[in-house]
Amino acid sequence: MTRQWILRLRPDPRREVHPVLPATTGATTGAAARALGAGPVGWAVRTADAMAAEILEQVPEHGGGPSAVTTLRRSTESAVLGALRLLLAESPPRLVTLTDETAEGCREFARRGIPLDRVLRGVRLGHARLAHDLAAAIEEHVPDDMRLAELRRVSDLLFTYADAHASLMAEEYIAERDRWRGSDEAARRAVVDDLLAGRPVDAGAATRRLRYDLSRTHVAAVLWCDDDTGATVPAAQRLHRTATAMARVIGSAGMLLIAAGDTSAWAWFALAGEDAPDRAERLRAGVEAPHGVRVALGPAAQGPQGMRRSHLCALQAQRVALLAAGDDWLFDYRHHRLVALATAQPEQARWFVQDVLGPLASEGARMRELRETLRVYIDEERGLKAAAERLHVARNTVTYRVKRAEELLPASSAPRSTLELRMALEMAQTAPWPGDLN
């Protein structure tokens, strides 16, 4: 069968995954892996990444923070996987349906007020990129005598798929927009949007509309579900439960919770007393986060402008959290603000880590171990005993690892300040870039 070339698709190693577009996992990806295999799914992930990056460049309204980018990324990935399964089928279905990820994206675009023509512009850009990459794959995998017929078949099916896809997205968008415009939630979100944009707001009217006192000291949080695999409780319920538990542990005098998407929310907690320097530790000890929920926490700040400042800082903490390896569910901006500031320009941040660490920035468990040992050693003012206790290893082990790590540093790093070395180690420890640097 000519269409079996789809099963031979493999990701192009030369196409680098965009550093701010997180890979997604979910029901759609899992089902596609069973139907297509790992190679075609890997190809789809890289193609979806390129689609999302191009859409963000051409239609910047689709951006607006890590949560919005993740929603777009999930939508493009599910669209590519759906197209591959359609092209592989012996008898393609007459009706095209929206995946859960794409429907979620439509609802979020409507709630954020992105014009429908800009949404559909993104759809057209995505399908154009997909058609281009599929044509290149046909050139590579289909024999010369069958190539023209296969190009025509794929072109016809893609046109039908893209047309139906755009129509269904428009219907979903319009239905959500009409529902949203008449809701109290939309009015509350409009007030929050004005606050976050720094536009003038009547504090008294805003307090009444939000049912939340703007004059207090606030701590903002961004909550999201990054993995719905195996979840039996809806995302909105898990987010609300986590925010409520956080308010209890913080001792909040009030809480404002706004849906930012189907799987994300923004929260503000009004402090009843003094700001607590150990807030993150208390939250880790007192809140049992439900499956797949992660939280980025902003610093305490006063009044309406403080709500904006704390929220924007929480978004930066979320960006670091999405880059970071590990299973920590809570990211406090106060603990990661230097890395957040240093990685605001991801490409330049990668260059910095590469320049300062050299071979020590290579991927692999051994290099991560050496970097972490050197980081803790410097953090403990080069105290071997303190570093060994913190790492739970023998003192001689720290000595050996530090010596080996310093041997791997490039000669050009020798005259550099300890601050630069420490900053590069923190950046490499927080963000999984070493394996993506080359």
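Just so you know, these numbers come straight off a predicted model, no measurement behind them.

S.K.: What am I meant to see in the overall build of the protein chain here?
M.R.: Scanning the protein chain from N- to C-terminus turns up 17 helices and six strands. Buried positions account for 47% of the 438 residues belonging to the protein chain. Pairs at least 24 apart in sequence give 76% of the contacts found in the protein chain among residues at least 6 apart.

S.K.: In this structure, what is going on with empty space enclosed by the protein? I would like to understand it.
M.R.: Vacant regions in the atomic arrangement are exposed by a probe of water-molecule size rolled over the atoms. Across all of its chains, the model carries one cavity of 30 Å³ or more by this definition. Lining the largest cavity we find 17 residues, and of these I55, S75, T76, G122 and V123 sit closest to its centre. Sorting elements by how many residues they give to the lining of the largest cavity places helix α5 (residues 116-141) first, with six residues. By residue class, the composition of the lining of the largest cavity is ten nonpolar, seven polar and no charged.

S.K.: Any chance you could explain unusual backbone geometry here in plain terms?
M.R.: Positive phi, close to 60°, is recorded for R382, a residue that is not glycine. Within the secondary structure, R382 is located in the loop between α14 (365-379) and α15 (384-391). A relative accessible area of 37% means that R382 is categorised as partly exposed. With phi around 60°, H392 is a residue other than glycine that occupies positive phi space. As for its placement among the helices and strands, H392 is situated in the loop between α15 and α16 (395-408).

S.K.: Please clarify how the packing of helix α6 (residues 144-181) against helix α7 (residues 184-196) should be interpreted in this entry.
M.R.: A pair of packed helices can be characterised by two numbers: the angle between their axes and the separation between those axes. In contact at an axis separation of 6 Å, α6 and α7 are set at 80° when each is read in the N-to-C sense. By the angle between their axes, α6 is roughly perpendicular relative to α7. Contact with α6, carried on its side by R179, W180 and R181, involves E185, A186 and R189 of α7 and no other residues of that element.

S.K.: Even after reading the chapter, I still don't get the pairing of strand β1 (residues 217-225), so can you show me in this structure?
M.R.: A regular strand carries its side chains on alternate faces of the sheet. A large share of β1 lies buried, amounting to eight of its nine residues. Where β1 meets strand β5 (residues 301-302), two bridges bridge the pair, whose relative direction is antiparallel. Across the sheet, T217 pairs through a bridge with Q302, a residue of β5. As defined by bridge partners, β1 adjoins strand β3 (residues 264-271) across seven bridges and the pair is classed as antiparallel. Bridge pairing in β3 places L223 opposite A265.

S.K.: Explanation requested: the side chain of R111 in the structure shown.
M.R.: Secondary-structure assignment places R111 in helix α4 (residues 100-111). According to the relative accessible area criterion, R111 is buried, its value standing at 10%. Side-chain polar atoms of R111 contact the side chain of E176, separated by 3.0 Å.

S.K.: Before we go on, may I ask you to explain the nonpolar core in this structure?
M.R.: If you look at soluble globular proteins, the nonpolar side chains tend to sit buried side by side. If you look at the biggest cluster of nonpolar residues, it comprises 56 residues, and the most contacted ones within it are W268, L357, L360 and L374. Examining the composition of this core, we find that seven residues originate from one element, helix α11 (residues 303-323), more than from any other. Here W268 is in contact with V192, L196, Y212, H218, V219, A220, G254, M255, L256, I258, M307 and H311, once residues within four sequence places are set aside. Listed in part, the 29 residues of the second largest apolar core include A79, L88, L130 and Y161.

S.K.: Even after reading the chapter, I still don't get the packing of α5 against α6, so can you show me in this structure?
M.R.: Remark: α5 packs on α6, axes separated minimally by 10 Å, with the N-to-C direction vectors making an angle of 160°. By the angle class used here, α5 and α6 are roughly antiparallel. Taken as a pair, α5 and α6 cross one another with a handedness that is right-handed. Here the residues of the contact of α5 with α6 are counted per class, giving 19 nonpolar, two polar and three charged.

S.K.: In this structure, what is going on with the pairing of strand β2 (residues 252-261)? I would like to understand it.
M.R.: Two strands pair when backbone bridges link them, and β2 and β3 are joined in this way by eight bridges, in the antiparallel orientation. Its bridge partner lying in β3, L256 is registered against W268.

S.K.: In this structure, what is going on with α5? I would like to understand it.
M.R.: Residue pairs spaced three or four apart in an α-helix point in one direction, given the helix's 3.6 residues per turn. When the terminal C-alpha atoms of α5 are compared, their 37 Å separation across 26 residues agrees well with the 38 Å that a helix rising 1.5 Å per residue should span. For α5, every residue scored as buried is listed here: V119, G122, V123, L125, G126, H127, L130, D133, L134, A137 and I138.

S.K.: Sorry, what's going on with helix α13 (residues 346-357) here?
M.R.: Over its twelve residues, α13 runs 16 Å from end to end, which matches the ideal 16 Å to within 8%, given 1.5 Å per residue. Buried within α13 are the following residues: P346, A349, R350, V353, V356 and L357. The buried residues of α13 occupy an angular sector of 140° when projected down its axis, which confines them to one face. One or two residues past the end of α13 sits G358, with phi positive at roughly 60°.

S.K.: Sorry, what's going on with the pattern of salt bridges here?
M.R.: Once their charged atoms are close, side chains differing in charge can pair, the charge on each being opposite to the other. All told, the structure shown has 26 salt bridges when counted by the stated rule. Between D332 and R334 there is a salt bridge whose closest N-O contact spans 3.4 Å. When its relative accessible area of 0% is taken as the criterion, D332 is described as buried. With a shortest N-O distance of 2.9 Å, E380 and R390 are connected by a salt bridge. Highlighted residues: E380 in the loop between α14 and α15 and R390 in helix α15, separated in sequence by ten residues. Owing to a relative accessible area of 35%, R390 belongs among the partly exposed residues under this scheme.

S.K.: I tried to follow the environment of R188 on my own but got confused; where do I start?
M.R.: Looking at the secondary structure, you find R188 in helix α7. When the C-alpha positions of R188 and I258 are compared, they lie 8.0 Å apart, and in sequence the two are 70 residues distant. In this structure R188 touches R209, L210, R211, L256, L257 and I258, once residues within four positions along its chain are discounted.

S.K.: Quick question: what am I supposed to make of the side chain of H127 here?
M.R.: Tracing the backbone shows H127 in helix α5. The contact partners of H127, leaving out residues within four places of it in the chain, are Y161, A162 and H165.

Parameters and conventions
Residues numbered from 1 in each chain as written. Predicted model: local features only at pLDDT ≥ 70, side-chain atom pairs only at ≥ 80, totals over all residues. Heavy atoms only, no water. Helix = DSSP H or I, 4+ residues; strand = E, 2+ residues; numbered from the N terminus. Buried < 20%, exposed > 50% of the residue type's maximum accessible area, 1.4 Å probe, protein only. Contact = heavy atoms within 4.5 Å. 1 Å grid on protein atoms, 1.4 Å probe; cavity = no way out; pocket = protein on both sides within 12 Å on 5 of 7 lines; lining within 4 Å. Points joined across faces, edges and corners; volume = space filled by probe spheres on them. Nonpolar A, V, L, I, M, F, W, Y, C, P; charged D, E, K, R; others polar. Axes fitted to C-alpha atoms, helices over the stretch in contact; angles between N-to-C directions. Parallel < 35°, antiparallel > 145°, perpendicular 65-115°, else oblique. Pairing = 2+ DSSP bridges. Polar contact = N/O pair within 3.5 Å; in protein donor to acceptor, adjacent residues only side chain to side chain. Core = buried A, V, L, I, M, F, W, Y, C linked by side-chain atoms within 4.5 Å. Left-handed = near helix turned anticlockwise from the far one by under 90°. Expected span 1.5 Å × (residues − 1). Arc of directions from axis to C-beta. Salt bridge = Lys/Arg side-chain N within 4 Å of Asp/Glu carboxyl O.

Don't take any of this as a statement about function, it's just geometry.
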